[in-house]
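# An overview of the molecular structure
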Amino acid sequence: MVMHLPSPTHSPIPSTDAPVGRADACLAALNAQQRRAVEYGCGAEPEPGPLLVIAGAGTGKTDTLAHRVAHLVCRGADPQRILLLTFSRRAAVEMERRAARILGRMLGGSPQRPPAIGWSGTFHGVGARLLRCYAERIGLHASFTIHDRGDAEDLLAIVRHDLGLSATRNRFPAKATCLAIYSRVVNSEAPLDAVLATAFPWCRPWEAQLRELFAAYVAAKQAQNVLDYDDLLLYWSQMMAEPSLAAEVGARFDHVLVDEYQDTNRLQSTILRALKPDGRGLTVVGDDAQSIYSFRAATVRNILDFPHQFALPARVVTLERNYRSTQPILDASNAVIGLASERHAKNLWTERKSAAKPQLVTVRDEVDQARCVAEAILEHRETGIALKAQAVLFRSSSHSAQLELELARRDIPFVKFGGLKFLEAAHVKDLLSVLRWAENPRNRLAGFRAVRLLPGIGPATAARLLDAMDRAPDPLAAMAAFDPPPAAAVDWPALVALCGRLRREAASWPGDIDDACRWYEPHLERIYDDAVARLGDLAQLTRIAATYVSRERFLTEVTLDPPGATSAEAGVPELDDDYLILSTIHSAKGQEWKTVHVLNVVDGCIPSDMSTGTTEEIEEERRLLYVAMTRARDHLRLLVPQRFYVHQQAAHGDRHVYASRSRFIPEAVRQHFETCAWPVAVSAAAPAGARDPAREVDVAARIRALWR
Ligand code: ATP
Ligand code: MG
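Reading the values: rules and limits
Residues numbered from 1 in each chain as written. Chains lettered and ligands numbered in written order. Predicted model: local features only at pLDDT ≥ 70, side-chain atom pairs only at ≥ 80, totals over all residues. Heavy atoms only, no water. Near = heavy atom within 4 Å. Polar contact = N/O pair within 3.5 Å; in protein donor to acceptor, adjacent residues only side chain to side chain. Areas by Shrake-Rupley, 256 points an atom, 1.4 Å probe, with all protein chains shown as cover. Helix = DSSP H or I, 4+ residues; strand = E, 2+ residues; numbered from the N terminus. Domains from an automatic or database assignment. Salt bridge = Lys/Arg side-chain N within 4 Å of Asp/Glu carboxyl O. Buried < 20%, exposed > 50% of the residue type's maximum accessible area, 1.4 Å probe, protein only. Core = buried A, V, L, I, M, F, W, Y, C linked by side-chain atoms within 4.5 Å. Contact = heavy atoms within 4.5 Å. Pairing = 2+ DSSP bridges. Axes fitted to C-alpha atoms, helices over the stretch in contact; angles between N-to-C directions. Parallel < 35°, antiparallel > 145°, perpendicular 65-115°, else oblique. Nonpolar A, V, L, I, M, F, W, Y, C, P; charged D, E, K, R; others polar. Phe/Tyr/Trp six-rings, centres within 6.5 Å; stacked < 30°, edge-to-face > 60°. Lys NZ or Arg CZ within 6 Å of the ring centre and 35° of its normal. Expected span 1.5 Å × (residues − 1).

### Examining the site of ligand 1
Taken together, 20 residues are adjacent to ligand 1, and Lys61, Asp63, Gln290, Glu592 and Arg631 come closest. Side-chain polar atom of Gln34 to a nitrogen atom of ligand 1: 2.9 Å apart, as the coordinates give it. The contact in question runs from an oxygen atom of ligand 1 to an N or O atom on the side chain of Arg324, over 2.9 Å. In isolation ligand 1 offers 640 Å² of accessible surface; the protein chains occlude 84% of this area. By residue number, the principal contributor to the shell around ligand 1 is helix α3 (residues 61-74), which donates three residues. Split by domain, the residues of the shell around ligand 1 number at least three in each of domain 1 (17-130 + 234-319) and domain 3 (327-419 + 572-694).

So this is what it looks like as structure tokens:
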């Protein structure tokens, strides 16, 4: 990634007092600790060792890093020899913008010739670039292909199949699980048996086979000149294990700066130590209270052990003033993290006074939650807060499903980070296509997708069937008379029968969707490797469907979000448009918004019931809530549905359960919130998810009315 910075005039080192004076003026806005970090090493210290800035949320760590980059360049550092490492590409772009703006101000004018910071991006991005530079010297072809996680899973699945492991009687771990294990071994630099014991105990019986699989996977990648995501770090670190190469690579950079250091893994720390063994020129910033990526092998030990890992001792700077949030938001956040079993709290303070406490809003269920949030967002927009300055955060990507529909219904544009939009997930589209086709057997697009869910039916057969149905006065009769290819013969009658049932007048809604799900489940299990998670999504879709009075109404509403768009571009409005931010908490780190809503602050969601195993996992969930809350500048609302829906093993079925407020907000913490209910009187009597025609909007009828 190339970072454009304004040019420091002709000479890199300011030769007059004027730029120095301007640079000083730019630093004047910083507090004393921030300034100490920004200017560290630029003064009289004979041997400045590494620098660690460890501080709570919103204290200006990222801002300090950006100022430091600008200051270094202003003081003569060669921007080509600076390496800036961030957690995501988005964060890298934001950091570039900030640093360029500051340097522009320091230099006091528009640049004539903007030099670029040569090295800025994620560890993976920078790793890829370095590996291409050194490929020939480490036995790689410079033209190597990079596999993303999806490609990596697919290649693993092929290798697994070739080894005969997918066909074993006891179910061998799914390809996504295999990749997660492999990835954990690589990134944590831990042996396979230890990783299995701590993180994947149910896969322990397969240790020998997994070892065989991973060896074959590595051989396949090397034979195909392919590197996966983890390889970008692994090859980089292996390259740095060779002292002469390490010295050469390290010498390319005078300054190495890393943001969000608490979420790096062992491999990344190994790379940094090999780059700068004495720590000179190295700056890392982070917050141990915000470490939320241990499931990807990140370890908070990296930041805690940093001060003593280099030949030179580290300078540690802490920051305590928060510039982001109002005092009541900070009080509530401090109270949440204050209950952590390891004491993370750094007692942040702010000068941003406010009388308004954050709100803890009880809603009946997820349907009301979606309505409540949508209304609040519109109200805030009325008061002049742009949609872009508002965010809705949630623990898992699927938690926003109901809200996405509500936003579509109200025509509120949004962009979602951290997971596909619910309606774009392939399996959700599959099921909707079946329903759409039943609703309208002449809908070729839906039919084309639905019929190809059967094994043995490809595009040519599908087209032949749809042509026959188009020509016939009764499309369903034509379908029943169709002669499928032999490979589809076994499954064909069930599809014909399903379509027949769904078309009958007596068909009931939402019973239809149950019927379609029952038909689809075995196909889903055959088509997708990670069927369990996808079945959970379908359960969610079923629940949402039950809140509409008819199939037609349901399909009309979900179609408001155009299904034709690809996932990459769907719903991302023009850049200058205003749109709401939806994000998983994991993808929200480092960011801030004026208004933040956090969905499903109930046990089972935060902490997630997938993560309640160990104390460490629970503590990480607590930090997640802390990260979510500390994103808010002016308004913070936590939503607590009284009931939500859980997807259980098939034997028990799905059911609504009474939810309880997250254990991270016990009474002692609750006092930092204003508690309220929405709508004002919450009725406990109505069953969750019950249809309430009086509160629904008949969009389909309105659209039809336009043409009368
Ligand atoms: P996080 O832990 O969430 O990553 P952070 O510590 O990196 O937060 P920043 O994002 O750098 O914090 O800063 C938070 C907000 O405070 C930003 O809006 C930033 O512009 C502002 N800020 C930081 N330092 C100052 C300062 N000295 N004066 C005024 N505003 C500041
Ligand atoms: Mg930050």
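Back to the text.
### As for the pattern of salt bridges
According to the stated counting rule, one finds 38 salt bridges in the structure shown. With a shortest N-O distance of 3.8 Å, Glu375 and Arg410 are connected by a salt bridge. Residue Glu375 is found in helix α15 (residues 366-382), and its partner Arg410 is found in helix α16 (residues 401-410); the two are separated by 35 residues along the sequence. For Arg623, the salt bridge goes to Glu620, with nearest N and O atoms at 3.4 Å. Of this pair, Arg623 and Glu620 both sit in helix α25 (residues 615-629), three residues apart, which is roughly one turn of that helix. One network of salt bridges, with partners in common, ties together Asp63, Glu94, Arg97 and Arg98.

### Considering unusual backbone geometry
The omega torsion of the bond from Trp509 to Pro510 falls at 10 degrees, within 30 degrees of zero and hence cis. Summarising the element assignment, Pro510 is placed in the loop between α21 (492-503) and α22 (511-527). With an omega of 0 degrees, the peptide bond between Ile606 and Pro607 qualifies as cis. Looking at where Pro607 falls in the secondary structure, it is placed in the loop between β15 (593-598) and α25. Of note in the backbone geometry, Glu260 takes a positive phi value of approximately 50 degrees without being a glycine. Residue position: Glu260 is located in the loop between β8 (255-258) and α12 (266-275). Residue classification places Glu260 among the buried positions, given a relative accessible area of 11%. Positive phi, close to 75 degrees, is recorded for Ala297, a residue that is not glycine. Assignment of secondary structure puts Ala297 in the loop between β9 (282-286) and α13 (301-305).

### Quick notes on the nonpolar core
Ranked by internal contacts, the top residues of the largest apolar core, which has 60 residues, are Ile181, Leu210, Leu213, Phe214, Trp236 and Leu272. Counting the residues that make up this core, at least three belong to each of domain 1 (17-130 + 234-319) and domain 2 (145-224). Those residues within four positions of Phe214 in sequence are excluded, and the remaining contacts are Leu156, Cys178, Ile181, Tyr182 and Leu192. Among the nonpolar cores identified, the runner-up in size contains 50 residues, and Trp492, Leu498, Ile513 and Leu524 belong to it.

### Focus: the sheet that holds strand β12 (residues 390-394)
Taken together, seven strands build an open sheet; the order of strands is β13-β14-β12-β15-β16-β11-β19 and the sheet is parallel. Two strands close off the open sheet at either side, each with one partner strand: β13 (414-417) and β19 (674-678). Pairs of neighbouring strands in the sheet enclose a mean axial angle of 20 degrees, with direction left out of account. Of the pairings in the sheet, the one linking strand β11 (residues 359-363) to strand β16 (residues 632-641) comprises five bridges and is parallel in character. Each residue of the ladder has a partner; that of Val363, found in β16, is Pro641. α25 contacts β12, β15 and β16 of the sheet and is inclined by roughly 135 degrees relative to β16.

### Quick word on the packing of α22 against helix α23 (residues 531-545)
Two elements in contact, α22 and α23, have axes whose closest approach is 11 Å; the angle formed by their N-to-C orientations is 170 degrees. It follows that α22 is roughly antiparallel to α23 by the angle criterion. Taken together, the residues of α23 that come into contact with α22 (itself represented by Ile513, Asp514, Cys517, Tyr520, Glu521, Leu524 and Glu525) are Ala531, Arg534, Leu535, Leu538, Leu541, Thr542 and Ala545. Of the residues that constitute the contact of α22 with α23, the class distribution is nine nonpolar, one polar and four charged.

### Topic: the side chain of Gln268
Position of Gln268 relative to the elements: it lies in helix α12. Judged by its relative accessible area of 8%, Gln268 is buried. Filtering out sequence-adjacent residues up to four positions away, Gln268 remains in contact with Phe123, Leu233 and Asp263.

### What to know about the packing of aromatic side chains
Across all of its chains, the model carries ten aromatic pairs by this definition. A ring pair is formed by Phe482 and Trp492, whose centres lie 5.7 Å apart and whose planes are at 50 degrees; its orientation type is tilted. In this pair, Phe482 is assigned in the loop between α20 (475-481) and α21 and Trp492 in helix α21, connecting sequence segments ten residues apart. The same class applies to Phe482 as to Trp492, namely buried. Members of the aromatic cluster, each reached through a chain of ring pairs, are Tyr182, Phe214 and Tyr217. Positioned over the ring face of Trp119 is Arg129, at 3.6 Å from the centre of the ring. The side chain of Arg534 reaches across the aromatic face of Tyr528, ending 3.9 Å from its centre.

### A closer look at the pairing of strand β2 (residues 51-55)
The element β2 is largely enclosed, with a buried count of five among its five residues. Of the two faces of β2, the one holding Leu51, Val53 and Ala55 and the one holding Leu52 and Ile54 are both buried throughout. Here β2 pairs with β9 via four bridges, running parallel. For Ile54, the partnering residue across the bridge sits in β9 and is Gly286. Pairing between β2 and strand β10 (residues 315-319): five bridges, direction parallel. Residue Ile54 lies in a different strand from β10, and its bridge partner there is Thr318.

### Some remarks on helix α5 (residues 123-134)
A rise of 1.5 Å per residue sets the reference length of α5, with its twelve residues, at 16 Å; its end C-alpha atoms lie 16 Å apart and thus fit the reference within 8%. Every buried residue of α5 is accounted for by Phe123, His124, Val126, Gly127, Ala128, Leu130, Leu131 and Tyr134.

### Here we look at the sheet that holds β9
Strands pair in a sheet through their backbones, by hydrogen bonds, and they do so in one of two ways: parallel or antiparallel. The strand order β5-β3-β8-β9-β2-β10 describes an open sheet built from six strands, whose pairing is parallel. The strands lining the two open edges of the sheet, one partner per strand, are β5 (119-122) and β10. The average angle at which neighbouring strand axes cross in this sheet is 15 degrees, direction not considered. Across four bridges, strand β3 (residues 82-86) lies against β8 in parallel orientation.

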